[in-house]
Structure formats: C-alpha cells, structure tokens
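Residues per chain are reported as follows:
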Amino acid sequence: MHRSASRLPRLLACAAVPVMLVVAGCSSGSDDKKDTATAEPSAPAQPTVEPAKYIDLPEACKALDGKTTGKLVPKAKSKNGTPGNSADISTRGSCSWNGLQDQGVKGSQYRWLDISLMRYDSDQALGSGAARAGKHYADEVTDAKGTEGAASVKTTPSSGIGDQATVVSYTLKKTGADFSYATVVARTENVVITLNYNGAGYAGAKSPSVSDLTADAVSAAKEAVAAVTKAGPGSGSGSASGSDSGSGSASPSGSDSDADSGAGAAPDNSSTKSPAPKESATKAA
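Everything numeric in this text was worked out from a predicted model, so none of it was measured. (Residues numbered from 1 in each chain as written. Predicted model: local features only at pLDDT ≥ 70, side-chain atom pairs only at ≥ 80, totals over all residues. Heavy atoms only, no water.)

Observations concerning the confidence of the model for the protein chain
Here's step 1: Residue-level pLDDT values for the protein chain average 79, and 65% of them are 70 or greater.
Here's step 2: pLDDT under 50 marks residues 236–245. Its contacts with residues more than four places away, or in other chains, come to 27 contacts.
Here's step 3: Under a pLDDT of 50 for its full length, residues 247–266 has, in the predicted model, 39 contacts with residues more than four places off or in other chains. (pLDDT = per-residue confidence, 0-100. Contact = heavy atoms within 4.5 Å.)

What follows is the structure in structure tokens.
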C-alpha cells in the first residue's frame, strides 16, 4: 500500500504534461490569427493625371491686338470689342467686333469677328486638361461644319496654330447678301480657341472671298494662341477635383438665333446695340 501511494503523484504529473503542451499550442495559433486579422491592408495607389499646362487665360478682348481687329473690322462699333458674359474669365471668355464700312458709290462692307477661349483643368475623375480640351475641340469643329444653311463647306487641318487646328469655311445667304465665313478652331494644350470671321458686301458691293477671310482668320488665330501661351503657363494641378471648369455640362454654347441676331440683321452704323456674344464662339452673321 505504501508503494502504490508514492507512485500516484508521479503518474499524475506525467499525465498533465501533454495537456499543457496542447493548451500552449492552441494559444500560439490564436495569437497568430489575431495579428493577421488586425494588420491594416495597404491602400491602393491612386491614379494620376497629367497637370494642366495653362492655369489662366488672357482677357478675350485683348487676345487680339488692336491693329489686328482694326484691319479685320475697319469700322467696328466698339474698337475695344464687346466682351461676353463669363462667371470666371480664367476658365472661359469671349469677345466680338462688328461694323459696316461705307464706301460711298462702291457700296458697303460688313464684317463680324468673334473669339472664344475655353480652358480645362486636369481632374482625377474626368481626365487631363489636354484630353478634355481635345474633346471640346472636336465638338467645335463638328458644330462649325454643321452650320445650318451653309454651302460649299470646306474643312482643312491647319498646321502652325497650337497643337492642332482646323479651318472650316463656307458661304451663307442671309439678309439679301452672300456672306463668306471662316472659322478656325485651335487647341493649345488644355485651351481651345474658336475664332469666327465673316463678311458681306451691301448696296452693290462685292462680298469678300472665302480665301481672303480664311487667310485673315488664320493669322488672327495664331495671334490668339500666342496670347494664351504668354498669359497662362503654370505647373497646374493634376489632382483638381470637383471643378466645373470646362466640364461638358458647363461648356458654353451659342444658339443659331443668337448668332443670327448678332450679325445677320441688316447691318448699319447706328447706335443699335448688338447682342453680347455668349461664352463660346458665336456663329455670327
């Protein structure tokens, strides 16, 4: 009996060893799982867009030199131009000139000139400013080509005017006169420039040729591109967000009725105020 009693503590001690090892093993696995569960996942890399090159615009009425507007519209009602309405001239602006030059027995010459500037910021959700401007550029060319009533429409890519440019020319019968039109749409980085120039002869005067108007419009468009290049360079912001600047919904557009009333009515040199152009290029005349 004494021998059996002395062996009992040793047996119990040996039996307890596997239990302790099992408990220790379970405890270690639980801690590993806890560490894994509490580890913070790494944040995915955010996509970036190229920063917009131009962060400002020149005043639309000053994008063309006074000598240029004086040549294209010799008897402008307002030599300094009529600015269009804009909530933010750093992102959009427009200006127009129109007038009738009386040449006595040779009749009269009417001219209309307008220019619009649209700048696009880079946006994480919408893309780079240059890409967004490219879409607006294509839309402006399409609008010019689709002018209602236009005849002999000619579309020609033009080099040497910003990054890309297109000239759309045509003729249009209005107010008893044959109007000649030239529209230049140009893009330089994230800015789109649309310049419209048209004219007609009245009281027996011959209307200007489309080729002559086109040459003058191209020269003026180059001048406007240079004004943008000078006024707006900067580092830009590739992460601009929530901005309506240059968004599709905010893109200004002029209606044909507005354009018709601006220069399509019989021109004169009276003090009748012509409608202010909207924020985009107006299809004048």
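Considerations on the state of the cysteines
Here's step 1: Tallied over the entire structure, the rule returns one disulfide.
Here's step 2: Here C61 is linked by a disulfide to C95, with a sulfur-sulfur distance of 2.0 Å. Between C61 and C95 the disulfide shows an S-S torsion of about 95°. By sign, it is right-handed. Taken together, the residues C61 in the loop between helix 1 (2–38) and helix 2 (66–72) and C95 in strand 2 (residues 92–102) connect sequence positions 34 residues apart. Just as C61 is buried, C95 falls in that class too. (Disulfide = S-S within 2.5 Å. Helix = DSSP H or I, 4+ residues; strand = E, 2+ residues; numbered from the N terminus. Buried < 20%, exposed > 50% of the residue type's maximum accessible area, 1.4 Å probe, protein only.)

So, the pairing of strand 6 (residues 177–188)
Here's step 1: Within strand 6, eleven of the twelve residues are buried, which leaves the element mostly enclosed by the surrounding structure.
Here's step 2: Bridge count for strand 5 (residues 164–174) against strand 6 is eleven bridges, and the pairing is antiparallel. Paired with L172 across the two strands is F179, which belongs to strand 6.
Here's step 3: In this structure, strand 6 lies alongside strand 7 (residues 191–202), joined through nine bridges in antiparallel fashion. Bridged to V185 within strand 7 is T194.
Here's step 4: The antiparallel pairing of strand 6 with strand 7 creates a hairpin that spans two residues between the two strands, and E189 there sits at a positive phi of about 55°. (Pairing = 2+ DSSP bridges.)

Observations concerning the packing of aromatic side chains
Here's step 1: Under the criterion given, the structure shown has four aromatic pairs.
Here's step 2: Seen in terms of ring centroids, Y170 and Y181 are 4.7 Å apart; in terms of plane orientation they differ by 15°. Their pairing is stacked. On the criterion of sequence distance, the pair formed by Y170 in strand 5 and Y181 in strand 6 is long-range, its members being eleven residues apart. Y181 carries the same exposure label as Y170, and that label is buried.
Here's step 3: Ring centres of F179 and Y202 lie 6.4 Å apart, and the angle between their planes is 80°; this geometry places the pair in the edge-to-face category. Of the two residues, F179 is situated in strand 6 and Y202 in strand 7; the sequence distance between them amounts to 23 residues. For the pair formed by F179 and Y202, the shared burial category is buried.
Here's step 4: Three or more aromatic residues joined by ring pairs form one cluster here, namely Y110, Y170, F179, Y181 and Y202. (Phe/Tyr/Trp six-rings, centres within 6.5 Å; stacked < 30°, edge-to-face > 60°.)

Here's the deal with the pattern of salt bridges
Here's step 1: Counted according to the given criterion, the structure contains five salt bridges.
Here's step 2: Its salt-bridge partner being E59, residue K62 comes within 3.8 Å of it at the nearest N-O pair.
Here's step 3: Owing to a relative accessible area of 60%, K62 belongs among the exposed residues under this scheme.
Here's step 4: Residue class for E59 comes out partly exposed when judged on its relative accessible area of 46%.
Here's step 5: A salt bridge links D178 to K173, with the nearest nitrogen and oxygen atoms 3.3 Å apart. (Salt bridge = Lys/Arg side-chain N within 4 Å of Asp/Glu carboxyl O.)

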